[in-house]
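Here is how the chains run, residue by residue.
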Amino acid sequence: MTTNVIETSGLSKRYGSTWALRECTLAIPAGHVAALVGPNGAGKTTLLNLAVGMLTPTAGTIGVLGGRPAGSPAALDGIAFVAQDTPMYKNLSAADMLHLTANLNRRFDQDYAQARLAELGISLKRKAGRLSGGQQAQLALTLALARRPRLLVLDEPVAMLDPVARHDFMALVMTAMAADGVSVVLSSHVLAELERVADYLVLLSRGRVQLAGEVDDLLASHLVLTGPAAEVGRYAERLRVVHARRGEAQAHLLVRAGADDPVPPGWEAHPVGLEELTLAYLREPGAAALPGPARGRALPLETGEPSEVTQ
Ligand code: ATP
């Protein structure tokens, strides 16, 4: 049976009168790089903080690493967390940071940490405050990985990094994933980056799970249909449209459909990429993506006389 690295049921979190998360039910299986995506304020940081035990739920439950209560010693032992603003003690050297982290944790692979920093060209003598933003992020990631976690949680790890530093950071994450089988859950707004690394997607919208699943399954169950804009209304009712872009002559519809589904005559079907899919859902926070014919949203466009949609 697959272990879920994060599993929630009816999970809700309220800050004062603001619901940051509402009835989130979700299961992220082990063995993935799972991307947590959503607009500002969607609840990503809240969900990650609940997963690492820095917050407690207002309602519902959250378990990690096969159902261990989030925040319990057993859970914390297997999780490493790199927050967006992971504190660096600026006057401490990289060697001091290694020493400190080793002392604070039951398990710490000093050889791994030193080898990684040598590879990255980060001198152990260098003060953390003198490292570039990219190097600080790499140091924080190295310290996290040296704890040999089973789950690595990263909250917007590459937000402040330039493209090269971002690439190098994600390369280290992917190496850890391949070499040690670490599962990764990361939040990010950098969709192009996620397209490269993520094989599981969780999309949050207004504190709720809008879309979740393996990237391959999500891509296989959506298509882009391109056809005459004037005909959109004819098919709007029967196509499960997530998002529509309509120009003067042509319309592009991102729909829930598989490669075997019939395409309206005169229309072309194209496969969809992860970035395009994610953007479509981000633009339509009300679009549900659960399987089943009734879940699609009809286009808010004029409807013509429906005709048979056949191949
Ligand atoms: P971003 O992409 O901007 O980082 P996010 O998806 O991580 O956003 P959260 O930071 O989880 O979203 O915030 C979710 C909601 O909860 C927002 O409305 C936010 O204003 C609110 N919120 C978050 N932290 C607090 C807090 N400590 N006190 C009050 N409200 C909070």
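Look above for the structure.
Overview of the structure. (Residues numbered from 1 in each chain as written. Predicted model: local features only at pLDDT ≥ 70, side-chain atom pairs only at ≥ 80, totals over all residues. Heavy atoms only, no water.)

Turning our eyes to something else, we now look at the sheet that holds strand 13 (residues 250-256). Spatially, the four strands line up as an open sheet ordered 12-13-11-14, and their pairing is antiparallel. At either end of the open sheet lies a strand with only one pairing partner, and these are strand 12 (241-246) and strand 14 (268-271). Each strand axis lies, on average, 20° off the axis of its neighbour in the sheet, ignoring direction. When strand 11 (residues 222-228) meets strand 13, the two strands line up antiparallel, connected through seven bridges. In the strand pairing of strand 13, Val224 is matched with Leu254. (Pairing = 2+ DSSP bridges. Helix = DSSP H or I, 4+ residues; strand = E, 2+ residues; numbered from the N terminus. Axes fitted to C-alpha atoms, helices over the stretch in contact; angles between N-to-C directions.)

Next up on the list: the site of the ligand. Around the ligand, the surrounding shell holds 13 residues, and the nearest of these are Asn40, Gly41, Lys44, Thr45 and Thr46. Note that an oxygen atom of the ligand is positioned 2.9 Å from one of the backbone N or O atoms of Gly43. One of the backbone nitrogen or oxygen atoms of Thr45 is found 2.9 Å away from an oxygen atom of the ligand. Burial of the ligand by the protein chains amounts to 60% of its free accessible area of 630 Å². (Near = heavy atom within 4 Å. Polar contact = N/O pair within 3.5 Å; in protein donor to acceptor, adjacent residues only side chain to side chain. Areas by Shrake-Rupley, 256 points an atom, 1.4 Å probe, with all protein chains shown as cover.)

Attention now moves to the packing of aromatic side chains. Applying the stated criterion to the full structure yields zero aromatic pairs. One residue, Arg148, lies across the ring of Tyr112, its end atom 4.4 Å from the ring centre. (Phe/Tyr/Trp six-rings, centres within 6.5 Å; stacked < 30°, edge-to-face > 60°. Lys NZ or Arg CZ within 6 Å of the ring centre and 35° of its normal.)

This part takes up the sheet that holds strand 1 (residues 4-15). The four strands are arranged 2-1-4-5 in an open sheet whose pairing can be described as antiparallel. Looking at the sheet topology across the chains shown, the edges are occupied by strand 2 (18-29) and strand 5 (68-69). Note: strand 4 (residues 59-64) against strand 5, two bridges, orientation antiparallel. Counterpart to Val64 in the pairing with strand 5 is Arg68. Most of the contacts of helix 1 (residues 44-51) go to strand 1, to which it runs at about 120°, and overall it touches strand 1, strand 2 and strand 4. (Contact = heavy atoms within 4.5 Å.)

We now examine the pattern of salt bridges. Evaluation of the coordinates by the stated rule reveals six salt bridges. For Asp77, the salt bridge identified is with Arg106, shortest N-O distance 2.7 Å. Of this pair, Asp77 sits in helix 2 (residues 73-78) while Arg106 sits in the loop between helix 3 (94-104) and helix 4 (110-119), placing them 29 residues apart in sequence. Among the residues examined, Asp77 registers a relative accessible area of 27% and is labelled partly exposed. Take Arg106: its relative accessible area is 68%, and that puts it in the exposed class. When salt bridges with common partners are traced through the structure, they connect Asp77, Arg106 and Arg107 into a single cluster. (Salt bridge = Lys/Arg side-chain N within 4 Å of Asp/Glu carboxyl O. Buried < 20%, exposed > 50% of the residue type's maximum accessible area, 1.4 Å probe, protein only.)

The next point concerns the pairing of strand 2. Sheet topology note: the strand 1/strand 2 ladder contains eight bridges and is antiparallel. Note that in strand 2 the partner of Leu11 across the bridge is Cys24. Once strand 1 ends, the chain turns through two residues before running back antiparallel as strand 2, passing Gly16 with a positive phi of about 55°.

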